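Examination of the molecular architecture
Residue-level listing of the chains:
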Amino acid sequence: MKQSRPPLVRMYFLDEQLRNNKYPNCTSVASYFEVHRKTIQRDVEYLRDMLRAPIEYDKKKKGYFYRENWLFLPSAFLEQDEAEALKATKKVLSQYRGTPYYNEVSRALDKVLQYLPGTLGESEFFSIYSFEQPAGTHDVSHHFITLEDAIRQRLKVHVAYDAHSSGAVTERTIHPFRLHYSHGAQTWYLVAHCELRKDIRTFVVSRIKKLQLLKTHFNIPADFSVDEFLSKTFDQVVGETEQTVSVRFSAYQAPWIKERQWHPSQQITEHDDGCITVHFRVSGLDAIKRWVMRYGKEAEVLEPQELRDMVRREVREMGAVYG
């Protein structure tokens, strides 16, 4: 219904009518929007008195007109805290340079920000808030366009991938399922079936050196769920077998561990001495091992035994390094 439209829509309409010399009046505009004549009168008064719009009434043509050129700026409707929030958004957005829709969103914000009142200085705002600047990364924005097309059309992709684990760049054909952003790793991943490994893998998008869209289609297995696959990973690493992992944290470390959700399957058992035990259902024990090692003596793997052995070997080898 037209009367449900917000005041800004009515003012846009008034501005268009005035700019095109159609001499709108309160009665005609009220009829168009199915609102009371006084509602449009208040809109006109707001434009004229609050936004300083050069609106005058022509008695002969029985309508309003602009006596001079004037620019209607939507940013005039922003409260100061809303304008500051937009500046913060622009600053935060810089961390996602090269990611999907970055350029489009950035341009849209710039169009609004250029009209913000001069009193809202950036120096004042950023003396209250600050944002860490991201480290420079390889620009792979062109990869996202190709991969998005491949995922939508279910087309295979041939890539040259720099696998840090092997230290080699390998060429392979993959079936891309989904682009996934990990806030923990601050990295975009591609979940895909790899014909070389004959299994589902996660690829770091920035490590894709070459990318070629093929004309061959693929099908996603009916019994495969990307969401379920991701729920079994830890730090985007997946292993062959899903299993229960239990890690005990000291009373000193426990408050910090409880502050975060480390995994969707996470459960915490609290102990009388202040310690906690964190339980997961995951695969990919290498990632868990690296995570546990961050906390040194404040963390102890309780299960599985395989993970305990992995940590024990790592500690032994570290002892040899530091002799």
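Predicted, not measured: the structure shown is a model, and the values here were computed from it. (Residues numbered from 1 in each chain as written. Predicted model: local features only at pLDDT ≥ 70, side-chain atom pairs only at ≥ 80, totals over all residues. Heavy atoms only, no water.)

**Describing the pattern of salt bridges**
Under the defined criterion, the tally for this structure stands at 14 salt bridges. Across the pair Glu 270 and Lys 258 runs a salt bridge, and its minimum N-O distance is 3.6 Å. Pair noted here: Glu 270 is in strand S9 (residues 267-270) and Lys 258 is in helix H9 (residues 254-258), with a separation of 12 residues, a long-range link. Since its relative accessible area comes to 56%, Glu 270 is described here as exposed. For Glu 298, the salt bridge identified is with Lys 297, shortest N-O distance 3.0 Å. (Salt bridge = Lys/Arg side-chain N within 4 Å of Asp/Glu carboxyl O. Helix = DSSP H or I, 4+ residues; strand = E, 2+ residues; numbered from the N terminus. Buried < 20%, exposed > 50% of the residue type's maximum accessible area, 1.4 Å probe, protein only.)

**What about helix H2 (residues 26-33)?**
Helical periodicity: at 3.6 residues per turn, an α-helix aligns residues three or four positions apart in one direction. Buried within H2 are the following residues: Cys 26, Val 29, Ala 30 and Phe 33. For H2, the angular spread of the buried residues around the axis is 100 degrees, confining them to a single face. In H2, the exposed positions that point more than 90 degrees away from the buried face belong to Thr 27 and Ser 31. Buried residues belonging to H2 abut helix H1 (7-19), helix H3 (37-50) and strand S2 (63-66). Glu 34 occupies a position one or two residues after H2 and carries a positive phi of about 60 degrees. (Arc of directions from axis to C-beta. Contact = heavy atoms within 4.5 Å.)

**Quick notes on the sheet that holds strand S3 (residues 155-163)**
Spatial ordering of the open sheet is given by S6-S5-S4-S3-S7, a layout of 5 strands whose pairing is antiparallel. Where the open sheet ends on each side, the last strands, each with one partner, are strand S6 (199-204) and strand S7 (208-217). Averaged over all adjacent pairs, the angle separating strand axes in this sheet is 45 degrees, with direction ignored. Summarising the sheet, strand S4 (residues 168-182) and strand S5 (residues 187-194) pair through 8 bridges and their orientation is antiparallel. Across the sheet, the residue bridging to Arg 178 is Val 191, located in S5. Running at roughly 25 degrees to S7, helix H7 (residues 141-153) makes contact with S3, S4, S5 and S7 of the sheet. (Pairing = 2+ DSSP bridges. Axes fitted to C-alpha atoms, helices over the stretch in contact; angles between N-to-C directions.)

**Side note on the confidence of the model for the chain**
Per-residue confidence for the chain gives a mean pLDDT of 82, with 76% of residues at or over 70. Put simply, helix H6 (residues 122-125) is where the chain has its lowest mean pLDDT, 55, and S2 is where it has its highest, 95. (pLDDT = per-residue confidence, 0-100.)

**Observations concerning the packing of aromatic side chains**
Enumeration according to the criterion identifies 18 aromatic pairs in this entry. Centroid distance Phe 13 to Tyr 32: 4.5 Å. Interplanar angle 10 degrees. Geometry classified as stacked. With Phe 13 in helix H1 and Tyr 32 in helix H2, the pair connects residues that are 19 residues apart, well separated along the chain. Lying across the ring of Trp 262, Arg 260 places its NZ or CZ 4.1 Å from the centre. (Phe/Tyr/Trp six-rings, centres within 6.5 Å; stacked < 30°, edge-to-face > 60°. Lys NZ or Arg CZ within 6 Å of the ring centre and 35° of its normal.)

**A look at the packing of H2 against H3**
Relative orientation of the contacting elements H2 and H3 amounts to 115 degrees, with a least axis distance of 8 Å. When the axis of H2 is compared with that of H3, the two are roughly perpendicular. When you trace H2 past H3, the crossing you get is right-handed. In contact with Cys 26, Thr 27, Val 29 and Ala 30 of H2, H3 contributes Arg 37, Ile 40 and Gln 41. The class makeup of the residues in the contact of H2 with H3 is 4 nonpolar, 2 polar and 1 charged. (Parallel < 35°, antiparallel > 145°, perpendicular 65-115°, else oblique. Left-handed = near helix turned anticlockwise from the far one by under 90°. Nonpolar A, V, L, I, M, F, W, Y, C, P; charged D, E, K, R; others polar.)

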